[in-house]
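# Chains, contacts and geometry: an overview
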Amino acid sequence: MSAFNAIGEEREIDRDEFTPGVEPQPTWCPGCGDFGVLKSLKQALPEIGKTPEEVLTVTGIGCSGKLNSYLDTYGFHTIHGRSLPVARAAKLANTDLEVIAAGGDGDGYGIGGNHFIHSARENHDMTYIVFNNEIFGLTKGQTSPTSPKGHKSKTQPSGSAKTPIRPLSQSLTAGASYVARTAAVNPNQAKEIIKEAIEHDGFAHIDFLTQCPTWNKDARQYVPYVDIQESDDYDHDIHDRAEAAEMMRETEDVLNEGTVLTGRYYVDEDRPSYQEEKSAVGELPDQPLAERYFDDDVEWERSYDLLERHT
Amino acid sequence: MSSDELIWRIAGGSGDGIDSTSQNFAKALMRSGLDVFTHRHYPSRIRGGHTYVEIRAADREVQSRGDGYNFLLALGDSFARNPQEEAYYGNEEIKPLSENLDDLREGGIIVYDEGLVSEEDVEAINLEERAEANDWHVFPMDLRSLAREHGREVMRNTAGVGVTAALLDMDLEHIEDLMSDAMGGDILESNLEILHEAHDIVTEEYDFEHDLRVPEGSHESQQALLSGSNAIAYGAIDAGCRFIAGYPMTPWTDVFTILSQNFPDMGGVSEQVEDEIAAAALAVGASHAGVKAMSGSSGGGFALMSEPLGLAEMTETPLVLIEAMRAGPSTGMPTKPEQSDLEHVLYTSQGDSQRVVFAPGNIEEAYEQTRLAFEIAWDYQIPAILIYDQKLGGENTNVDLEFFDREPKPDLGSTLTEDELREAAHDNSGKFKRFNHEDAENGVSPRSLPGQKGGRYLATGNEHSPVGHISEDPDNRVAQMDRRIEKLESIREELDEERESTQTYFGDETADYGIITWGSSQGAVEEAIGRLNENGHSVKGLSVSDMMPFPEQEVTEFLESVDEALVVEMNATAQFRGLLQKELGRFGEKLTSLLKYNGNPFEPAEIVEGFEVNLADEDREPTAQVRIEPAAGD
């Protein structure tokens, strides 16, 4: 018998269940793109049969980090840039949990960039949503890793001399097996992409464009947007790495020229997840590790039985 | 020369098989009934560089390295760089011989490989002259040719062991047994041939007059030879730890390796990750999801763990970290021991963050306190850190096998089951009051795990309300802060009142003088106290393990009972003495420090000398490379 009976529970789920009964006053500004992520998640989760208590939402620091304050699942609001290592371990500890990590562009592509690369490389079975508003919001408007070149801010008064990071290309190169970009202004596409990402077995990365009306006024509101799957102008094969790379590069290039391309960029259903790989080499138990501590039938190994080699 | 103990030093280059040879030789001595203690000295290099392992064996308990040593097997460094050229590091080939002479006791024995070390080089270091002056017995042997003849050159070390056994009149039985356990086929055969050939050459061709022999002893029960790193890893296994995340760094890597090798067979998980920030964050994540998890590192890597450590404290996520100190600052001396990360471990991470810190003083304590760290961390939902060093981690000693015959304790402490959660307090919307300051006992509010029904809450590094919502309400802030602080006070109470003290005492209770120490310097202090009392002094000792929460009562009683105390620790800034004064707020005028930070651990004689120099109150300096830091007002 499982000690975690919220997991896999079959029942009707109301999307209101994901709204905290005692809802904290959001710290997000009116018109903030972050509301779009929250709304799409609240829609996506019940549609794929997930209940609040089988989901662990792990966030970093920044406006985006407040996501799990307003999304009523199990939540872990961690420290700046470290949502991924915390989330990865929770998934390894209890492989039955649905683990979603989230953070901003500074959190994920800046301070947590190393974790982003390695989590994608290892292909952990989880979803990672990056709220990309091309700015540091909560600290009041400094240039971020995705800010366009020339972007002026209090810390780059003469305009940034740095070329922005290429989040999609980097994700693909690092090894993510599902890569998409969506935008807060496109809630239906966002919901569908979130559902696919959660159901994908492996590291699913969503670069989520979230407009910041307060600190990034000169940036686009990400309208009009183009869905590359819907548009006749684009028809790259999402299973083809080279075509995906090309499409990503173009998407990243044109964003700063005002063209907002969104959609699925790369999907690799054949690559085994890290959990499967680790299991295959005998380094991940079949039973979720967290269950072991509640299982009366487990005979705990003792160091005493290892001592022969020392005698 | 004292003949009641053998201190055998095998010296060579890194890569010459010093470690494995010494391990087997130590085991052979243990099997013959002796107590053994090993000390490893090595450079931060893969090949070459002067390295040695010292094995002290006696028919009584040995808890420390000795003073100097009495048998040198100098293999010479077969991986020496540019041995013929004058480089700044000098002629490395002969270093295993030349660099070890200063510590060799009068009447000691030297065996060196004349197949590798040239005659001119030996002349250049005036070996003959020095041997005469010190009454050393020198046995040059062509170990290299012997090894080549029957096997491969690397088997020089086996030849050296054969020579050692012959010169000490030691039975080869245990050595042969251990070789048979470790190898097979042609390799075993070659090694056995080399062992016997070397042994026979010595007994047949050499006359020797020295009186050094292997002492005779016996054990009442079966012994196991293991290191501090083994003991920590085994303590973690028996505490039910089944998740470790880490990044390699000397000397913590040993524990990481042992657990990584054992966990797959025990249903556990080991993760080598991108950096130490991730390592500590993974341990937090795994613990949050319900697994007994740990991580660890050494100085620099531990510095990176500061922020996840604070997160664990604030979110009340149980966590065990281990910190294997090495000489700092910065990269320092990676393979040399030092006790200089105490303040780093006690105070790192922002805010009034608090954690439990234990510093075990020997191998049994390393095992016990690792278990204790897990128990307290999971009962009180607080990070517990085990601080040790390269010395304790790397030294091997024999322990009664039965010491480990214990029940595992994998329970998750103050974690609720789903049944218990149904009875627990929730807010109006059904969110679990995970951080409930109203009903907390000893500051502890029981926790739930993700995936449990009825346990939903938010964990956050921000200050938070009982269900975990971010809150800056002043009343809530004070209530939560006070509750978290209460946990540490409750732990002190439990340690004082419900558990056997983790502090260790030596000597006669009524003694006038005290020596106080912590961590791995314990063994040398214990031995020094014995000798000081033999020398007519009146000295007792206290070795402290609880660094936080500090055992105020015990240490106060000890210091009140002595006229003066010498504080012995391996660092340059008297960090432990600072802690004593901070925690106790007095005794400054009673505490003199004896400090050593040259990269080598204390020898008992250095502590004896330091004590006597200080007591004599004369204007003389200790001859050893140590420093006396006078008491306040002196």
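Residues numbered from 1 in each chain as written. Chains lettered and ligands numbered in written order. Predicted model: local features only at pLDDT ≥ 70, side-chain atom pairs only at ≥ 80, totals over all residues.

### Things to note about the interface of chain B and chain A
Interfaces are often sized by the amount of accessible area the parts lose when they come together. Across the boundary between the two partners, chain B contributes 61 residues, which contact 56 residues of chain A. Only strand E7 (223–227), helix H9 (228–238), strand E8 (243–246), strand E9 (269–272), helix H11 (276–288), helix H13 (306–315) and strand E15 (458–460) of chain B provide two or more residues apiece to the side of chain B that touches chain A. The dominant element in the side of chain B that touches chain A, judged by the number of residues it contributes, is H11 of chain B, at 8 residues. Of the residues that constitute the side of chain B that touches chain A, the class distribution is 31 nonpolar, 18 polar and 12 charged. For strand E2 (residues 74–77) of chain A and E15 of chain B, the ladder comprises 3 bridges, and the chain directions are parallel. Counted as the bridge partner of His-77 of chain A is Thr-460 of chain B from E15 of chain B. (Contact = placed C-beta atoms within 7 Å. Helix = DSSP H or I, 4+ residues; strand = E, 2+ residues; numbered from the N terminus. Nonpolar A, V, L, I, M, F, W, Y, C, P; charged D, E, K, R; others polar. Pairing = 2+ DSSP bridges.)

### Observations regarding the UniProt feature "coiled-coil region" (unreviewed entry) in chain B
UniProt annotation of "coiled-coil region" (unreviewed entry) refers to residues 478–505 of chain B when read in the numbering used here. Secondary structure within residues 478–505 of chain B divides into 71% helix and 7% strand; the distance between the first and last C-alpha atoms comes to 40 Å. (UniProt positions renumbered as here; feature names shortened; annotations may be inferred.)

### Observations concerning the nonpolar core
The nonpolar side chains of a soluble globular protein tend to be buried, and buried together. Counting residues in each nonpolar core, the largest one holds 250 residues, and the members touching the most others are Ala-90 of chain A together with Ala-283 and Ala-286 of chain B. The residues touching Ala-90 of chain A, leaving out its near neighbours within four places in the chain, are Leu-56, Val-58, Leu-97 and Val-99 of chain A together with Gly-285, Ala-286, His-288, Ala-289 and Pro-450 of chain B. Cys-32, Ile-135, Cys-212 and Trp-215 of chain A belong to the second-largest nonpolar core, a separate cluster that totals 7 residues. (Core = buried A, V, L, I, M, F, W, Y, C linked by C-beta atoms within 7 Å. Buried ≥ 20, exposed ≤ 12 C-beta atoms within 10 Å, placed from the backbone.)

### Quick look at the sheet that holds E9 of chain B
All names here are of chain B. The strand order E9-E8-E10-E11-E13-E12-E19 describes an open sheet built from 7 strands, whose pairing is mixed. This sheet does not close on itself; its edge strands, each paired only once, are E9 and strand E19 (546–548). Across this sheet, the average inter-strand angle for adjacent strands is 20 degrees, counted without regard to direction. As paired strands, E8 and E9 are joined by 4 bridges and run parallel to one another. Of the residues in E9, the one forming a bridge with Phe-243 is Val-269. Strands E8, E9, strand E10 (293–298) and strand E11 (319–325) of the sheet are contacted by H11, whose axis makes an angle of about 165 degrees with E10. (Axes fitted to C-alpha atoms, helices over the stretch in contact; angles between N-to-C directions.)

### Side note on the environment of Arg-144 of chain B
Residue and element names in this part refer to chain B. Looking at the secondary structure, you find Arg-144 in helix H5 (residues 143–150). By C-beta crowding, Arg-144 is classed as buried, having 20 other C-beta atoms within 10 Å. With 10 residues separating them in the primary sequence, Arg-144 and Val-154 have C-alpha atoms 8.2 Å apart. When sequence neighbours within four positions are dropped, the list of residues in contact with Arg-144 reads Asp-113, Gly-115, Leu-116, Glu-153 and Arg-156.

### A word on the UniProt feature "domain: Thiamine pyrophosphate enzyme TPP-binding" (unreviewed entry) in chain A
As recorded in UniProt, the feature "domain: Thiamine pyrophosphate enzyme TPP-binding" (unreviewed entry) lies at residues 61–208 of chain A. Helix makes up 36% of residues 61–208 of chain A and strand 20%, with an end-to-end C-alpha separation of 16 Å.

### A few points about the pairing of strand E8 (residues 260–267) of chain A
Residues and elements named next belong to chain A. When you tally the buried positions in E8, you get 7 out of 8 residues, the bulk of the element. As defined by bridge partners, strand E5 (residues 178–183) adjoins E8 across 4 bridges and the pair is classed as antiparallel. When the sheet's bridge partners are listed, Val-179 is paired in E8 with Tyr-266. Relative to E8, strand E7 (residues 225–227) runs parallel, the two sharing 3 bridges. Across the sheet, Val-226 pairs through a bridge with Leu-261, a residue of E8. For the crossover that starts at E7, traverses helix H8 (residues 241–255) and ends in the parallel E8, the hand is right-handed. (Right-handed = clockwise from strand over helix to strand, strands pointing away.)

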